[in-house]
Amino acid sequence: MLLEAGFGTYLSWYGGLERPGNNRDLIRVSEQAGAIPGLTYRAMTWSRPFSATLTWRGSASYITGAQSIKIGYWAAFYQNINNSFTDNAGLSYRFNNGVPNQLTMSILPVRSNSYVTPTALYAQEQWTHGRVTLQGGLRYEHVPSYYPDQ
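Novice: Please clarify how unusual backbone geometry should be interpreted in this entry.
Specialist: Glycine aside, negative phi is the norm for most residues, and most peptide bonds take the trans geometry. The phi torsion at R42 lies on the positive side, around 75 degrees, for a residue other than glycine. Structurally, R42 is set in the loop between β3 (40-41) and β4 (46-47). Of note in the backbone geometry, N97 takes a positive phi value of approximately 55 degrees without being a glycine. By the secondary structure assignment, N97 is in the loop between β7 (91-96) and β8 (99-105). In this structure N97 comes out as exposed when scored by relative accessible area, which is 53%.

Here you go:
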C-alpha cells in the first residue's frame, strides 16, 4: 500500500504601484498628437493585481505482483483579484494638439475577483496474467468558475 499527498502554492502581487508624488486631485490628460503623441500627464491610473494558485492532491495505490490499483483526488484553486485606481474625480481628458476631444468617466477604484476551482477523482487498475495485461481507468472532473458581471 502506498499513500501519497501533496500541496503547492504560488502567490503573486504584480503590476504597478502609485508613483510617489502623484496628485490624485489632478485630472489625467493624454495628448493624441502634438510634439509627443501619446504623452500622458497630471494624475495617473494604475492597477495592483493579485494572483493565487493553490493545488492539492492525494492518492492510494495497492500493488501486488499481478494487479495494481490506484485511486486519487486532485483539486486546485486559481484566483485573480484586480484592483484598479485613478484620480479622485474619476475623469480623464484626451487632447488633440491641445484641443479636448474626449472625456472618460471611471467608476474607480474597482475590485474584480475571479476564480476557477477544478476538482478531479480518478481510479485506475492494471491486471496481468501471463503475457496479457489489461488496463482501465475512470476519471471525473468538475470545473466551476466565477467572474463578476461586467
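Moving on, there is more to tell.
Novice: For this particular structure, what's the right way to read the sheet that holds β7?
Specialist: Working definition: the strands of a sheet are paired by backbone hydrogen bonds and lie parallel or antiparallel to each other. Pairing in this open sheet of four strands is mixed, and the strands run β3-β2-β7-β8 from one edge to the other. Either end of the sheet is taken by a strand with one partner, and the two such strands are β3 and β8. With six bridges joining them, β7 and β8 adopt antiparallel strand pairing. Across the sheet, the residue bridging to F95 is P100, located in β8.

Novice: Before we go on, may I ask you to explain the pairing of β7 in this structure?
Specialist: Each regular strand displays side chains that alternate between the two surfaces of the sheet. As defined by bridge partners, strand β2 (residues 28-31) adjoins β7 across four bridges and the pair is classed as parallel. From the neighbouring strand, R28 faces β7, where its bridge partner is S92. A loop of two residues connects β7 with β8, the two strands running antiparallel in sequence, and N97 in this loop sits at a positive phi of about 55 degrees.

Novice: Got a minute to help me understand a nonpolar patch on the surface in this structure?
Specialist: Residues M1, L3, Y62, I69 and I71 make up a contiguous nonpolar surface patch of about 560 Å² in total accessible area. Along the chain, I69 turns up in strand β6 (residues 67-85). Since its relative accessible area comes to 31%, I69 is described here as partly exposed.

About the thresholds
- Residues numbered from 1 in each chain as written.
- Predicted model: local features only at pLDDT ≥ 70, side-chain atom pairs only at ≥ 80, totals over all residues.
- Heavy atoms only, no water.
- Helix = DSSP H or I, 4+ residues; strand = E, 2+ residues; numbered from the N terminus.
- Buried < 20%, exposed > 50% of the residue type's maximum accessible area, 1.4 Å probe, protein only.
- Pairing = 2+ DSSP bridges.
- Patch = residues over 30% accessible without salt bridge, like charges linked within 9 Å, V, L, I, M, F, W, Y side chains within 5 Å.
- Areas by Shrake-Rupley, 256 points an atom, 1.4 Å probe, with all protein chains shown as cover.
- Salt bridge = Lys/Arg side-chain N within 4 Å of Asp/Glu carboxyl O.

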